[in-house]
Amino acid sequence: MPSRLLELIIQGVRAAYLLAYMLAYMLAYMLAYTLRARAFTLAPVSRAFGLTALLASCLADGCVFAGDEGDGAPGSNVSVSCDALDDWDPAWASFEDEVLALSNEARAKGHNCDAEGQFGPVAPLSMEPRLRCAARGHSAYMAEHGEFGHTQARTGTDPFERIAATGYSLEAAGENIAIGQLTPAEVVAGWLESDGHCANIMSPKFRELGVGYAVGSGAPIGSNQAAYWTQAFGRQP
């Protein structure tokens with residue numbers, strides 16, 4: 001075989017190997033991102049801009065609502081039934097209570113949220129029934145439909161609409177979600193390792209919390225029994 005042809009074959013094999021390696025790396029990264037928690041918060045915003053423009057300008061892992069609801073307050077066209085969510089699996093409710101306790105342990109100690117800054121010790125969050133309703137409703141929705149995101153594809157609702165629809169008068173609000181973690185300790189540790197989620201947990205602007213845990217189809221990670229977690233943070237006027 002001519003040496004030039006052999007050299008071209010060797011180069012082709014190397015290129016194919018490199019391409020396969022890069023594709024495998026990208027797939028692994030995408031899966032890891034899917035399994036990570038996602039944080040959603042909104043920063044202070046003027047009435048003039050409105051919620052729609054704000055959401056369009058926000059990145060997936062880090063925006064914040066803290067301020068006046070203004071005209072067209074979130075949740076005005078959304079309805080939610082919290083009564084249907086009161087009859088919750090006791091084991092799931094226990095997991096939710098543990099997430100609150102672990103979050104408050106972190107708040108009591110203070111935590112370095114890296115890009116979001118160093119947070120000193122801050123007052124504990126209290127479990128708020130309407131926020132818990134919003135969190136449970138979103139986890140149940142994701143579990144039923146195999147979705148994973150802050151905005152529900154089938155209803156079009158975002159975290160702030162879901163929270164306001166429970167009757168909670170929000171002055172500040174935020175949401176953390178996660179999929180696949182097996183225990184409260186695992187999910188809270190994962191959130192604290194992610195800057196945006198960590199900032200939500202540690203933020204002194206939040207005073208109340210709702211936690212929702214549900215198990216369902218888990219289409220995003222290919223499991224028939226995936227765990228879905230939601231934290232809904234809030235502060236009332």
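See the structure shown above.
A. Highlighting the side chain of S139. Its place among the elements puts S139 in helix α5 (residues 129-145). Classification of S139 by relative accessible area gives buried; the value is 0%. Setting aside residues no more than four positions away along its own chain, S139 makes contact with G212, Y213, A214, Y228, W229 and T230.

B. Representation of the state of the cysteines in the model. Counting across every chain of the model gives two disulfides. A sulfur-sulfur separation of 2.0 Å characterises the disulfide bridge that pairs C82 with C133. Residues C82 and C133 share a disulfide whose torsion about the S-S bond is about -95°; that sign makes it left-handed. Taken together, the residues span a long stretch of sequence, with C82 in the loop between β2 (65-66) and α3 (83-86) and C133 in helix α5 at a distance of 51 residues. Among the residues examined, C82 registers a relative accessible area of 21% and is labelled partly exposed. On the basis of relative accessibility, which here comes to 4%, the residue C133 falls in the buried class.

C. Geometry of the packing of aromatic side chains. Counting across every chain of the model gives six aromatic pairs. Note on F95 and W229: the rings are 5.8 Å apart at their centroids and 15° apart in plane angle, and the pair reads as stacked. With F95 in helix α4 (residues 90-109) and W229 in strand β8 (residues 226-235), the pair connects residues that are 134 residues apart, well separated along the chain. We classify F95 as partly exposed; its relative accessible area is 24%. Under the relative-accessibility criterion, W229 is labelled buried at 1%. Through a chain of ring-to-ring contacts, three or more aromatic side chains come together here, namely W88, W92, F95, Y213 and W229.

What counts and what doesn't
Residues numbered from 1 in each chain as written. Predicted model: local features only at pLDDT ≥ 70, side-chain atom pairs only at ≥ 80, totals over all residues. Heavy atoms only, no water. Helix = DSSP H or I, 4+ residues; strand = E, 2+ residues; numbered from the N terminus. Buried < 20%, exposed > 50% of the residue type's maximum accessible area, 1.4 Å probe, protein only. Contact = heavy atoms within 4.5 Å. Disulfide = S-S within 2.5 Å. Phe/Tyr/Trp six-rings, centres within 6.5 Å; stacked < 30°, edge-to-face > 60°.

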